[in-house]
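Listed here are the chains, written in short residue letters.
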Amino acid sequence: LTFAVPKEQLQGFLPPCLTLDSFDNNKWGFIVVAMVKTKELRPKGFPAFLGHEFFLVGYRIFVRYHSVSGKSLRGLYILKSETDNKMMEFLGNIFTRYQYMTTDIHETRENNVRSIRSVRSGFDILIDRTEGENVPLPESSPFADWKQARRFAGPLPFTFSYNTEDKKVLIIEGVRENWTPTPLKVIKYNFSFLNSLNLKEARLANAFIIKDVPYRWKKGRTEPWQR
């Protein structure tokens, strides 16, 4: 789920090395809630039977970074990450800077409605399981059509983090296949974390489902950043 927020409200959440990936003459920035069911996730080189299956929830901002070489890289800045698996929290915080926390995540399906909720994290979403191009955009969306909306559904190759002490940027590149976003209709939603950010005029901009995506991360690299 991608939420459009007036640009000036989001910039303050970013380190100085990043700028918002904006839309409509820099009017809107975007914050995304990604809900991911993983299968056989494991360190590179490990056999599939040693992989783990669990649920991940990530809160990210769409950003751009201008590298030392002069390239403009499009990606995500992490605000918060959650999982329903203690092992993932432990290993994820060793191997990444995604700041994982363990929470309860409950998923149910009844008739044509899918529910994903967490009591501890205070989120609740109901999704109409009807998918496809005939699904209407959210009424509040700033996008004119699903083609525009897909620009803010990924895939975004990079994830960035910033070390304030040594002023270095960590760049991690993800490699994905079969990335085909299919529009979804959201019946209702509530995210306590987004509410805690006190964002004014935030609005649901799009919602997609992407299925069966082979995914891996390249080794991260760092580079110095100077204003």
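If you're wondering where the values come from, they're calculated on a predicted model, not measured in any experiment.

Draft legend 1. The arrangement of the sheet that holds strand 14 (residues 208-209) in detail. Strand order across the open sheet formed by five strands is 7-8-9-12-14, with antiparallel pairing between neighbours. If you trace the sheet from one side to the other, it starts and ends with strand 7 (106-110) and strand 14, each paired once.

Draft legend 2. Quick peek at the nonpolar core. Within the largest apolar cluster, 40 residues are counted, with the highest numbers of intra-cluster contacts made by Tyr59, Tyr65, Phe160 and Leu194. In terms of residues, this core owes the most to one element, strand 4 (residues 55-66), which gives six residues. Beyond its immediate sequence surroundings of up to four residues, phenylalanine 160 is in contact with Leu18, Val63, Tyr65, Leu73, Arg74, Gly75, Leu76, Tyr77, Ile78, Val169, Leu170 and Ile171. Within the second largest apolar cluster, 17 residues are counted, among which are Phe23, Leu137, Phe152 and Ala205.

Draft legend 3. Focus on the side chain of asparagine 206. Tracing the backbone through its elements, the reader meets asparagine 206 in strand 13 (residues 203-206). Polar contacts involving the side chain of asparagine 206 include one to the main-chain carbonyl oxygen of alanine 149, which spans 3.1 Å.

Draft legend 4. The arrangement of the side chain of aspartate 128 in detail. Along the chain, the position of aspartate 128 falls in strand 9 (residues 123-131). Here aspartate 128 is buried and forms no salt bridge, its nearest opposite-charge partner lysine 185 lying at an N-O distance of 4.8 Å. At 2.9 Å, the side chain of aspartate 128 and the side chain of asparagine 112 are in polar contact. Among the polar contacts listed, one links the side chain of aspartate 128 to the backbone nitrogen of threonine 130, at a separation of 2.8 Å. Ignoring any residue separated from it by four or fewer positions in sequence, one finds aspartate 128 in contact with Asn112, Leu184, Lys185 and Ile187.

Draft legend 5. Inspection of unusual backbone geometry at higher detail. Even without being a glycine, asparagine 111 presents a positive backbone phi close to 55 degrees. When you line up the elements, asparagine 111 lands in the loop between strand 7 and strand 8 (113-118). Here asparagine 111 falls in the exposed class, since its relative accessible area comes to 72%.

Draft legend 6. Spotlight on the packing of aromatic side chains. Considering all chains together, one arrives at 19 aromatic pairs under this definition. Ring centres of phenylalanine 143 and phenylalanine 152 lie 5.7 Å apart, and the angle between their planes is 20 degrees; this geometry places the pair in the stacked category. Overall, phenylalanine 143 belongs to the buried group, its relative accessible area being 5%. Exposure remark for phenylalanine 152: the relative accessible area of 0% places this residue in the buried category. Three or more aromatic residues joined by ring pairs make a cluster, and in this case those are Phe3, Tyr59, Phe123, Tyr189, Phe191 and Phe193. Seen from the ring of phenylalanine 152, arginine 74 lies directly overhead, with NZ or CZ sitting 5.1 Å from the centre. One Lys or Arg, arginine 176, reaches over the ring of tryptophan 179 and ends 5.6 Å from the middle of that ring.

Draft legend 7. Structural detail: the pattern of salt bridges. Inspection of every chain in the model, using the stated rule, returns 10 salt bridges. In this structure, the salt-bridge partner of aspartate 21 is arginine 74, at a minimum N-O distance of 2.3 Å. Here arginine 74 lies in strand 5 (residues 72-83) and aspartate 21 lies in the loop between strand 2 (18-20) and strand 3 (28-37), a separation of 53 residues in the sequence. Overall, the relative accessible area of 3% leaves aspartate 21 in the buried class. Its salt-bridge partner being glutamate 133, residue arginine 150 comes within 2.6 Å of it at the nearest N-O pair. With arginine 150 in helix 3 (residues 146-150) and glutamate 133 in the loop between strand 9 and helix 3, this pair connects stretches of sequence that are 17 residues apart. What you see here is one network of salt bridges that share partners, running through Lys37, Glu107, Arg109 and Arg114.

Quick notes on the rules
Residues numbered from 1 in each chain as written. Predicted model: local features only at pLDDT ≥ 70, side-chain atom pairs only at ≥ 80, totals over all residues. Heavy atoms only, no water. Pairing = 2+ DSSP bridges. Helix = DSSP H or I, 4+ residues; strand = E, 2+ residues; numbered from the N terminus. Core = buried A, V, L, I, M, F, W, Y, C linked by side-chain atoms within 4.5 Å. Buried < 20%, exposed > 50% of the residue type's maximum accessible area, 1.4 Å probe, protein only. Contact = heavy atoms within 4.5 Å. Polar contact = N/O pair within 3.5 Å; in protein donor to acceptor, adjacent residues only side chain to side chain. Lys, Arg positive; Asp, Glu negative; His and termini not counted. Salt bridge = Lys/Arg side-chain N within 4 Å of Asp/Glu carboxyl O. Phe/Tyr/Trp six-rings, centres within 6.5 Å; stacked < 30°, edge-to-face > 60°. Lys NZ or Arg CZ within 6 Å of the ring centre and 35° of its normal.

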